[in-house]
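# Report on the structure
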Amino acid sequence: MESSSTRIKQVWEWNFYNEMLCINDKLDTYHTIAFDTEFPGFLHQTPRHSSEEKVYEDLKYNVDQTKIVQLGLTLFDDEGNIGGTWQINFYNFVVNERCQGQSSFQSSLNKDNVEKNGNNNLNKKNRRRRDAVDMLHFSIAFNEILSNHKNLKWVTFHGLYDFAYLWRLLSGQDLPNSTLEFSVMLGRVFGSVYDVKYMARFCEGLMDGELGLEKLSKILEVKRLGRAHQAGSDSLLTANVFLRMKMVYGFEEECFKGFLYGISTRTETSCPILVQFGLPMNYHIMQHLCDMISLPTCLPSPENLIIVQGHYDIMLVPAMF
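The sections below set out a description of the structure shown in this document. Keep in mind that what you see is a predicted model, and the values were worked out from it rather than measured.

Here is what the cut-offs are and how they apply
- Residues numbered from 1 in each chain as written.
- Predicted model: local features only at pLDDT ≥ 70, side-chain atom pairs only at ≥ 80, totals over all residues.
- Heavy atoms only, no water.
- Core = buried A, V, L, I, M, F, W, Y, C linked by side-chain atoms within 4.5 Å.
- Buried < 20%, exposed > 50% of the residue type's maximum accessible area, 1.4 Å probe, protein only.
- Helix = DSSP H or I, 4+ residues; strand = E, 2+ residues; numbered from the N terminus.
- Contact = heavy atoms within 4.5 Å.
- Phe/Tyr/Trp six-rings, centres within 6.5 Å; stacked < 30°, edge-to-face > 60°.
- Lys NZ or Arg CZ within 6 Å of the ring centre and 35° of its normal.
- Pairing = 2+ DSSP bridges.
- Axes fitted to C-alpha atoms, helices over the stretch in contact; angles between N-to-C directions.
- Expected span 1.5 Å × (residues − 1).
- Salt bridge = Lys/Arg side-chain N within 4 Å of Asp/Glu carboxyl O.
- Parallel < 35°, antiparallel > 145°, perpendicular 65-115°, else oblique.
- Left-handed = near helix turned anticlockwise from the far one by under 90°.
- Polar contact = N/O pair within 3.5 Å; in protein donor to acceptor, adjacent residues only side chain to side chain.
- Lys, Arg positive; Asp, Glu negative; His and termini not counted.

Below, the discussion takes up the nonpolar core. Formed by 48 residues in total, the largest nonpolar core has its most connected members in Phe138, Trp154, Phe182 and Phe190. If you list the elements that add at least two residues to this core, you get helix H1 (16–26), strand S2 (32–38), helix H2 (52–65), strand S3 (70–76), strand S4 (82–89), helix H5 (135–147), helix H6 (160–171) and helix H7 (179–190). Element by element, the count of residues in this core is highest for H6, at nine residues. Residues contacting Phe190, with those up to four places away along its chain left out, are Leu152, Trp154, Phe163, Leu166, Trp167 and Leu170. Formed by 28 residues, the second largest nonpolar core is a distinct cluster that contains Ala200, Cys203, Phe242 and Met245.

Counting across every chain of the model gives 20 aromatic pairs. Here the aromatic rings of Phe39 and Tyr161 are separated by 5.6 Å at their centres, their planes lie at 15 degrees, and the arrangement is stacked. Remark: Tyr161 occurs in helix H6 and Phe39 occurs in the loop between S2 and H2; sequence separation between them is 122 residues. Just as Phe39 is buried, Tyr161 falls in that class too. Aromatic pair Tyr194 and Phe242: ring centres 6.1 Å apart, planes at 55 degrees, arrangement tilted. Residue Tyr194 is located in strand S6 (residues 192–195), and its partner Phe242 is located in helix H10 (residues 231–249); the two are separated by 48 residues in the primary sequence. With relative accessibility at 1%, the residue Tyr194 sits in the buried group. In this structure Phe242 comes out as buried when scored by relative accessible area, which is 1%. Following the ring pairs from residue to residue traces out a cluster consisting of Tyr198, Phe202, Phe251, Phe256 and Phe259. The positively charged end of Lys197 is found above the aromatic ring belonging to Tyr261, 4.7 Å away from the centroid.

Here six strands make up an open sheet; going across it, the order is S1-S4-S3-S2-S5-S6 and the pairing mixed. This sheet does not close on itself; its edge strands, each paired only once, are strand S1 (8–11) and S6. Neighbour-to-neighbour, the strand axes of the sheet open up by a mean angle of 25 degrees, direction not taken into account. Relative to S6, strand S5 (residues 153–156) runs parallel, the two sharing four bridges. Residue pairing for S6: Trp154 is matched across the bridge by Val193. Each of S1, S3 and S4 is contacted by H1, which is oriented at about 150 degrees to S4, the strand it contacts most. The sheet contacts of H10 involve S1, S2, S3, S4, S5 and S6, and relative to S3 the element is tilted by about 35 degrees.

What follows covers H6. Taking 1.5 Å of rise per residue, twelve residues should cover 16 Å, and H6 covers 17 Å from first to last C-alpha, within 8% of that figure. The buried fraction of H6 is high, at twelve of twelve residues. Residues Leu160, Tyr161, Asp162, Phe163, Ala164, Tyr165, Leu166, Trp167, Arg168, Leu169, Leu170 and Ser171 constitute the buried set of H6.

A word on the pattern of salt bridges. Two side chains that carry opposite charge are able to pair once their charged atoms sit near each other. One pass over the full model with this rule turns up eleven salt bridges. Residue Arg48 is joined to Glu210 by a salt bridge in which the shortest nitrogen-to-oxygen separation is 3.5 Å. Of the two residues, Arg48 sits in the loop between S2 and H2 while Glu210 sits in the loop between helix H8 (196–200) and helix H9 (213–219), which places them 162 residues apart along the sequence. By relative accessible area, Glu210 is classed as partly exposed at 39%. In this structure, Asp234 engages Arg224 in a salt bridge whose closest nitrogen and oxygen atoms are separated by 2.7 Å. Placement of the pair is Asp234 in helix H10 and Arg224 in the loop between H9 and H10, with a sequence separation of ten residues.

Further remarks concern the packing of H2 against H6. Taken N-terminus to C-terminus, the directions of H2 and H6 make an angle of 40 degrees; their axes are 10 Å apart at the nearest point. The orientation of H2 with respect to H6, classified from their angle, is oblique. As for the relative orientation of H2 and H6, their crossing is right-handed in sense. Only Leu160, Tyr161, Ala164, Tyr165 and Arg168 of H6 make contact with H2, whose side of the interface consists of Val55, Asp58, Leu59, Asn62, Val63 and Asp64.

With 13 residues, H5 extends 18 Å between its outermost C-alpha atoms, agreeing within 8% with the 18 Å of an ideal straight helix rising 1.5 Å per residue. Judged by how many residues are buried, H5 sits mostly within the fold: eleven of 13 residues are covered. Where H5 begins, one side-chain oxygen reaches toward the backbone nitrogen of Leu136, 2.9 Å away; that side chain belongs to Asp134.

So, about the side chain of Asp77. Within the secondary structure, Asp77 is located in the loop between S3 and S4. Look at Asp77: it is buried, it has no salt bridge, and the nearest opposite charge is Lys246 at 8.6 Å. In this structure the side chain of Asp77 is engaged in a polar contact, spanning 3.0 Å, whose partner is the backbone nitrogen of Glu79. In this structure the side chain of Asp77 is engaged in a polar contact, spanning 3.0 Å, whose partner is the backbone nitrogen of Gly80. Setting aside residues up to four positions removed in sequence, Asp77 forms contacts with Thr29, Tyr30 and Leu243.

The following block contains the structure:
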């Protein structure tokens with residue numbers, strides 16, 4: 001299932017462009033993306049057995065008020081071949097002292113990210129800030145990559161927050177106001193989405209899905225590469241667990257497409273958005289790129305963008321990759 005040469009590639013600003021080129025090339029062969037995010041924690045903790053409205057209310061508040069720390073991406077195909085795993089490390093996030101439940105966040109940062117004490121640690125922090133990937137830089141490049149590849153599948157584990165953070169990262173916008181709008185947005189932006197935790201609810205011996213990724217991987221005898229609560233390692237484990245579940249239980253993927261653990265509204269696949277930029281500065285950056293590389297400008301005018309286009313309408317950009 002897992003390639004013997006699989007390793008987790010750390011992505012920083014200095015190797016960012018080369019790794020984005022590599023991901024773009026790999027997506028020609030590997031059309032499924034398992035991904036995981038690490039984020040600072042929760043400003044609002046959602047009580048167990050809360051209503052769906054409360055779950056989404058807290059999701060929106062938490063995601064709109066904080067930023068992603070890491071993004072892990074693992075590409076694979078339907079035969080179980082792994083194309084590669086990348087961990088993108090961001091710097092322009094803010095740790096809010098009000099965040100709760102930060103064990104995973106602290107674990108992900110202890111050795112590789114932000115250190116707090118001593119001159120040496122301060123130097124490490126400064127080096128990380130210098131070397132890490134800027135979110136706007138990533139948003140432009142990854143939106144461009146996605147415009148080159150149609151019919152991708154996206155796989156997560158307990159992916160409600162993962163999809164929310166990724167969408168906010170790519171769009172620069174706050175989350176929609178309702179679960180229904182959120183589900184419509186997911187279908188239009190990402191197309192085919194799968195949540196392994198939701199799928200586990202319907203598989204015998206997997207505790208009706210009431211278990212974490214680590215426990216699930218042990219039941220299925222899937223080994224982890226790397227450390228838990230690192231986005232790259234978690235995305236690779238999610239991919240291998242998904243593949244093992246397909247092999248063991250022999251289910252049809254289509255039965256689970258569009259369902260995320262925690263909300264009942266199924267995301268309906270439609271024509272995915274090729275590129276979405278929510279910030280005015282993004283628009284002008286892309287306009288400048290069109291001019292720089294002497295390609296016809298294919299962005300709408302700002303007036304049309306505001307008046308004619310809705311939140312989730314398609315915006316085409318020239319190929320950078």
